[in-house]
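Residue-level listing of the chains:
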Amino acid sequence: MDRPVNRAERQILAPGAYQTYSITQPRDTLIRAACEQVGCAAWRYGWESVIDESTPLGQQQARYIRLESRRTFRETKRGDGLTVFRFESGQRCFAEHQTRPELYAVRDGDWRGNPTGRSRRHQRAADWVEDFGEHQLRLVDQQKKG
């Protein structure tokens, strides 16, 4: 689904007088993502894993949690013999999350084209936002100068 295009009403200048800032997601591309990136509820609020240690699978799971998971937890036994591992929030859960990457780009020109061919891609959203903000301040300064 394409996002709607927003174009401000403006005096029409040559395309080279503009810069275009865009955020896009490539189609059919997934990358591994951290819990925090995808808004994982387990990461945000913590979670419980209830394990039946009377089975071979449960024994393997409990052993992994205790010795290899490298996560902080509290362990309790329920009345029915099941083991409850309570994990605190703010740590990676056991799911393998995936997300679509976002590409943060800036290029010369506008919807009519990029006459210089110059473009760049920011690695982090925060850098793109900073660049955009600085560009907006330059525009305000130019407008004040006339």
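Here's a quick rundown of the structure. All figures in this text were calculated on a predicted structure; none of them were measured in a lab. (Residues numbered from 1 in each chain as written. Predicted model: local features only at pLDDT ≥ 70, side-chain atom pairs only at ≥ 80, totals over all residues. Heavy atoms only, no water.)

### Focus on the overall build of the protein chain
We count it as follows: A run of DSSP states H or I qualifies as a helix once it reaches four residues; a run of E qualifies as a strand once it reaches two. Both are numbered from the N-terminal end. Here the globule rule is a power law, 2.2 Å times the number of residues to the power 0.38, and the radius of gyration is based on C-alpha atoms. Only protein chains enter the calculation, and the probe is 1.4 Å; a residue is then buried if its accessible area is under 20% of its type maximum, exposed if over 50%, and partly exposed in between. Throughout, a contact is declared for two residues whenever any of their heavy atoms are within 4.5 Å. Each accessible area value is a Shrake-Rupley result obtained with a 1.4 Å probe; residue values ignore everything except the protein chains displayed when judging cover. The charge count includes Lys and Arg as positive and Asp and Glu as negative, but it does not include His or the ends of the chains. Lysine's charge is taken at NZ, arginine's at CZ, aspartate's at CG and glutamate's at CD.
In terms of regular secondary structure, the protein chain is built from 4 helices and 8 strands. When the elements of the protein chain are put in sequence order from the N terminus, they spell out β-β-α-α-β-α-β-β-β-β-β-α. Its C-alpha atoms give the protein chain a radius of gyration of 25 Å, clearly above 15 Å, the size a compact globule of 146 residues would have. A total of 146 residues make up the protein chain; the buried ones form 23% of that total. For the protein chain, the share of sequence-separated contacts (at least 6 apart) that also reach a separation of at least 24 residues comes to 63%. Element-wise, carbon and sulfur atoms account for 50% of the exposed surface of the protein chain, whose accessible area totals about 11100 Å². Computed over 25 positive and 20 negative side-chain charges, the inter-centroid distance for the protein chain is 3 Å.

### What about the sheet that holds strand β5 (residues 83-87)?
Applicable threshold: Only strands joined by at least two bridges in the DSSP assignment are considered to pair. Angular values range over 0 to 180 degrees, each being the angle between N-to-C directions of two axes fitted as lines to C-alpha atoms, with helices fitted over their stretch in contact.
Within the open sheet, the 3 strands sit side by side as β3-β5-β4. Their pairing is antiparallel. With partners counted over all chains shown, the strands left at the sheet margins are β3 (47-51) and β4 (73-77), one partner each. Ignoring strand direction, the axes of neighbouring strands in this sheet form an average angle of 20 degrees. The pairing of β4 with β5 spans 5 bridges and is classified as antiparallel. Considered in β5, the bridge of E75 is made with F85. Strands β3, β4 and β5 of the sheet are contacted by helix α3 (residues 56-67), whose axis makes an angle of about 35 degrees with β5.

### A short note on the layout of surface pockets
Put simply, the rule reads: The method works on a 1 Å grid over the protein atoms by themselves. A cavity is a set of points holding a 1.4 Å probe that cannot get out, a pocket is an open set with protein on both sides within 12 Å along at least five of seven lines, and residues with an atom within 4 Å of a point line them. Grid points are joined across faces, edges and corners, and a volume is the space filled by probe spheres set on the points. Polar here means any residue outside two lists: the nonpolar Ala, Val, Leu, Ile, Met, Phe, Trp, Tyr, Cys and Pro, and the charged Asp, Glu, Lys and Arg; Gly therefore counts as polar.
Its boundaries defined by the atoms lining it, the second largest pocket holds a volume of some 220 Å³. Contributing to the lining of the second largest pocket are I31, Q37, T99, R100, P101, E102, Y104, Q123, R124 and A125. The class makeup of the residues in the lining of the second largest pocket is 4 nonpolar, 3 polar and 3 charged.

### A word on the packing of aromatic side chains
The test is simple: When two rings of Phe, Tyr or Trp (its six-membered ring) have centres within 6.5 Å they constitute a pair, described as stacked for plane angles under 30 degrees, edge-to-face for angles over 60, and tilted for the intermediate range.
What the rule picks out here adds up to 9 aromatic pairs. Ring geometry for F87 versus F94: centroids 5.4 Å apart, planes at 90 degrees, classification edge-to-face. Taken together, the ring pairs connect W47, Y64, F73, F85, F87 and F94 into an aromatic cluster.

### A few points about the nonpolar core
Cut-off, in case you're wondering: Residues enter a nonpolar core if they are buried and are Ala, Val, Leu, Ile, Met, Phe, Trp, Tyr or Cys, with the set joined through side-chain atoms within 4.5 Å.
Residues C35, C40, A42, W47, I51, A62, I65, F85, F87 and C93 constitute the largest nonpolar core, which totals 10 residues. Put simply, the parts of the chain that give this core at least two residues each are β3, α3 and β5. Apart from the residues within four sequence positions on either side, C35 is in contact with C40, W43, R92, C93 and H97.

These values are about where atoms sit, not about what they do.
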